[in-house]
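Single-letter residue listing:
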Amino acid sequence: MIDAGALLMLFVGLGLGALVAALVALYLANRRVARQLQALEDRHSQRLQQLKSEVNTFQQGSIRMGEDLIALREQFKRMEDKQQRIEQHDPQSLPYNQAARLVGLGASVEDLTQSCGLSKAEAELVAKLHAARKP
C-alpha cells in the first residue's frame, strides 16, 4: 500500500504540474495578445499617418483656393474700377446706365424719359433689353 506521505507528494506534484501548465498556457496567451496588440497599433499608426497626409493635402488645397479667391477678388475690383472710369469718361453712357438701374427698380418707360432724358424709343429699348435679361 502507498503511504500517506507518498500520496501527498503525488498530489502536490500533480498540483505543481497543473500550475506550471496553467502558467505556460497563460504566458503563451499573453504573448499572442501582445502580438495582436502590436499588429493593431501598427495598423493604427499607418492609418494615422495616412490621415495626416490627407489633412495636409486638403490644407494645401484650401490655401491654394484661398489664394486664388483673393486674386480673383483683386481682379474683379480692378475690373469694377476700370468700368467705373470708363462710364465716367463716356458721358453718353451715363443716361443709359441710370435708365438700366431704374428699370431694375421697376421704373416705367415714362419715368425713364423724364428722369434720364431719353426719347420714348430709347426708353422702350432699355426697358425691353433689361426685361430680356431677367430670368
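Please refer to the structure higher up on the page.
Residues numbered from 1 in each chain as written. Predicted model: local features only at pLDDT ≥ 70, side-chain atom pairs only at ≥ 80, totals over all residues. Heavy atoms only, no water.

Below, the discussion takes up the overall build of the chain. Across its full length, the chain holds 4 helices and 0 strands. Helices and strands appear in the chain in the N-to-C order α-α-α-α. Against the globule reference of 14 Å for 135 residues, the chain gives a C-alpha radius of gyration of 44 Å, more extended than a compact globule. Going through the 135 residues of the chain one by one, you find that 9% of them count as buried. (Helix = DSSP H or I, 4+ residues; strand = E, 2+ residues; numbered from the N terminus. Rg over C-alpha atoms; globule rule 2.2 N^0.38 Å. Buried < 20%, exposed > 50% of the residue type's maximum accessible area, 1.4 Å probe, protein only.)

Moving on to the pattern of salt bridges. Applying the stated criterion across every chain, the model contains 1 salt bridge. For the salt bridge of Lys 77 with Asp 81, the shortest nitrogen-to-oxygen distance reads 3.2 Å. Highlighted residues: Lys 77 and Asp 81, both in helix 1 (residues 4-89), separated by 4 residues, approximately one helical turn. (Salt bridge = Lys/Arg side-chain N within 4 Å of Asp/Glu carboxyl O.)

This next bit is on the environment of Ser 115. Mapped onto the elements, Ser 115 comes out in helix 3 (residues 109-116). Among all residues touching Ser 115, those that are not within four sequence positions of it are Gln 98 and Leu 102. (Contact = heavy atoms within 4.5 Å.)

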